[in-house]
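# Results of the structural survey
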Amino acid sequence: MKNAFAACEFRRQGLIDHFGLHRAVCWCGMFASLLLMFACVSMAAADEYWSAVEQSGHRVGHAHYERQRHDGQITTRDELLIHVRVGGLSQDMRIERESLERDDGTPLGYSLRVSAGASQLDASARVSGKELAVNRRIGQSVRRDRMPLPPGLLLRGALEQRIAQQDAERDWTLEFDELDLASLAYQRVRLRPDAPGIADPVRLRRDIDRNGHRLQSQLTWIPAEKRYVESWNLWGSTFVLRGTDRESALSPAESYDLLSDVSLASPYRIPGGARAGTIRYVFESTGGSALTLATTGEQEVRIHGSRTIVTICRDCGNEAAPAAAELNRYRRPTGWIQSDDPRIRALARQAPLRGSIDARMRALSHQVERHMTGAIDYLGYASALEALDSRSGDCGEFALLLAAVARASGIPTRVVAGLAYASRFSGRSDVFSPHMWVQSWDGTRWRSYDAGLGQFDSGHIALVVGDGAPTDFEGVTNTLHQMRMVEAGHIKTMPSAAPLR
């Protein structure tokens with residue numbers, strides 16, 4: 001920006017010298033000079049910053065921030081690009097956001113674009129009276145909504161103005177509403193400095209309340225630039241932004257190995273025959289206290305001191321039967337499991353509609369396997385409908401599509417996030433990698449089905465059970481970073497345990 005401003009000064013001085021030398025001023029020339037002067041002032045009013053995106057000291061992408069003031073409005077744009085590698089395949093994740101506000105902080109509009117592998121999200125919100133008119137496209141699916149406008153809604157430009165107005169020598173707190181366009185939900189945010197006092201930069205604590213679900217993150221406030229910088233988290237790994245010039249930010253960077261920090265080494269090689277029976281695992285936590293994992297009809301979890309002991313077989317668990325309201329919840333469509341869509345219903349009808357729940361789920365799982373013939377995509381978290389259209393994805397897309405066709409068939413189905421001893425999606429051997437599958441209620445218990453790997457076995461360790469929305473699984477990566485498997489063994493002394501296959 002300094003170079004651009006210097007160029008404007010040079011041109012402006014050149015015009016003045018030119019007109020002074022020739023002593024000839026015409027209205028056209030004056031008008032042209034005024035336009036150029038205004039253009040230079042507009043350029044000087046824009047703030048632009050480049051950053052390198054780093055993970056554990058390695059540069060793996062770049063970030064770009066721009067803020068412009070024009071005609072009583074503030075436009076703020078920021079972009080993040082991260083290069084990712086999984087199983088030898090390199091992909092890019094790009095996030096672009098733009099907010100438009102009046103100088104007094106009144107929100108006018110907001111947009112979000114996310115490109116992660118084959119997954120695409122394009123969403124925008126425009127203030128219309130006391131409502132927000134929202135358009136969102138995920139793949140080929142388009143959704144239009146109108147949402148009430150909360151009085152405390154702040155976009156980025158207004159928030160940065162509010163932070164800049166705070167007394168740095170005193171403790172302060174800002175509370176406001178924020179729009180999450182990815183999930184079409186408002187969240188209440190409480191922002192305050194980690195510690196009062198003058199500092200540069202300033203660490204800010206960000207507490208989020210999203211429908212009773214509380215999250216925490218940090219921002220870094222840069223007083224000289226009057227902007228904040230976020231730290232990004234992908235699968236539990238933190239990416240930091242370090243300020244630099246444009247040329248350095250855009251120079252070639254490394255790719256981040258996505259599974260390097262979240263795969264769990266197995267103490268032994270586990271053959272397929274053992275995974276068809278009962279396996280007991282022993283975990284320790286690097287955090288000191290015992291891990292809390294999901295209890296299901298197939299998974300028993302016991303805490304012994306600082307260790308978590310997990311036993312998996314066909315009927316090892318003792319999960320209580322669900323209430324009617326819970327079963328109804330797992331029958332209904334959601335924004336990620338669009339079981340009411342005609343195309344989802346059409347795919348579901350290609351499988352048999354009669355027989356036991358187990359027979360129908362196996363047929364639906366096979367139908368999803370046959371449909372998902374596209375490339376494996378590790379970065380995106382696409383909805384069931386987007387997976388249907390693209391035929392691409394990883395275990396997450398397989399699970400969401402299977403949940404959708406099951407619900408379209410009237411079968412209550414939920415989504416599980418956990419670990420699996422398999423190399424199809426991770427490309428690694430003798431490790432447990434992050435994985436997703438589904439569980440359906442068969443009238444007696446929740447039973448697991450895995451369209452991504454073809455079948456469920458005792459190499460599947462459930463961490464969290466949810467409804468398929470990304471927010472259901474936000475704590476999974478933190479758990480993965482704390483887990484260490486210290487023992488695994490095939491158990492033969494449980495006569496009540498039936499084979500999984």
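Each remark here, short or long, concerns the structure printed above.
Another aspect to go through is empty space enclosed by the protein. According to the stated counting rule, one finds four cavities of 30 Å³ or more in the structure shown. Every residue lining the largest cavity is counted, 16 residues in all, and those nearest its centre are A63, D78, R156, R227 and L241. Residue assignment for the lining of the largest cavity shows that the elements contributing at least two residues are β1 (47-55), β2 (58-70), β3 (73-86) and β13 (227-230). A per-element tally of the lining of the largest cavity places β13 first, with four residues.

Right, let's talk about the environment of Y449 for a bit. Relative to the assigned elements, Y449 resides in strand β23 (residues 446-449). Judged by relative accessible area, which is 6%, Y449 ranks as buried. Separated by 50 residues in the primary sequence, Y449 and A399 have C-alpha atoms spaced 8.8 Å apart. The residues touching Y449, leaving out its near neighbours within four places in the chain, are I357, D358, M361, R362, L402, W437, V438 and S440. Of note is the side chain of Y449, whose polar atom sits 2.8 Å from the side chain of D358.

This part covers helix α8 (residues 357-371). For α8, built from 15 residues, the straight-helix expectation of 21 Å at 1.5 Å per residue is met to within 8% by its first-to-last C-alpha distance of 21 Å. Those residues of α8 that fall on the buried side of the exposure criterion are D358, R360, M361, A363, L364, S365, Q367, V368 and H371. Where α8 is buried, its residues contact α7 (342-349), α9 (384-390), α10 (395-408), β22 (431-441) and β23.

Quick look at the packing of aromatic side chains now. Overall, the coordinates contain eight aromatic pairs when judged by the stated rule. Connected via pairs of aromatic rings, a cluster forms that spans Y281, F283, Y421 and F432. Taking NZ or CZ as reference, R156 lies 4.1 Å from the ring centre of Y228, over its face. Over the aromatic face of Y65 sits the side chain of R227, whose NZ or CZ is 5.1 Å from the ring centroid.

Turning our eyes to something else, we now look at the packing of α8 against α10. Running from N to C, α8 and α10 cross one another at 135 degrees; their axes reach a closest spacing of 10 Å. Judged by the angle between their axes, α8 and α10 are oblique. Handedness of the α8/α10 crossing: right-handed. Judged by residue contacts, M361, L364, S365, V368, E369 and H371 of α8 engage F398, L401, L402, V405 and A406 from α10. A breakdown of the residues in the contact of α8 with α10 according to their chemical character gives eight nonpolar, two polar and one charged.

Rules of the game
Residues numbered from 1 in each chain as written. Predicted model: local features only at pLDDT ≥ 70, side-chain atom pairs only at ≥ 80, totals over all residues. Heavy atoms only, no water. 1 Å grid on protein atoms, 1.4 Å probe; cavity = no way out; pocket = protein on both sides within 12 Å on 5 of 7 lines; lining within 4 Å. Points joined across faces, edges and corners; volume = space filled by probe spheres on them. Helix = DSSP H or I, 4+ residues; strand = E, 2+ residues; numbered from the N terminus. Buried < 20%, exposed > 50% of the residue type's maximum accessible area, 1.4 Å probe, protein only. Contact = heavy atoms within 4.5 Å. Polar contact = N/O pair within 3.5 Å; in protein donor to acceptor, adjacent residues only side chain to side chain. Expected span 1.5 Å × (residues − 1). Phe/Tyr/Trp six-rings, centres within 6.5 Å; stacked < 30°, edge-to-face > 60°. Lys NZ or Arg CZ within 6 Å of the ring centre and 35° of its normal. Axes fitted to C-alpha atoms, helices over the stretch in contact; angles between N-to-C directions. Parallel < 35°, antiparallel > 145°, perpendicular 65-115°, else oblique. Left-handed = near helix turned anticlockwise from the far one by under 90°. Nonpolar A, V, L, I, M, F, W, Y, C, P; charged D, E, K, R; others polar.

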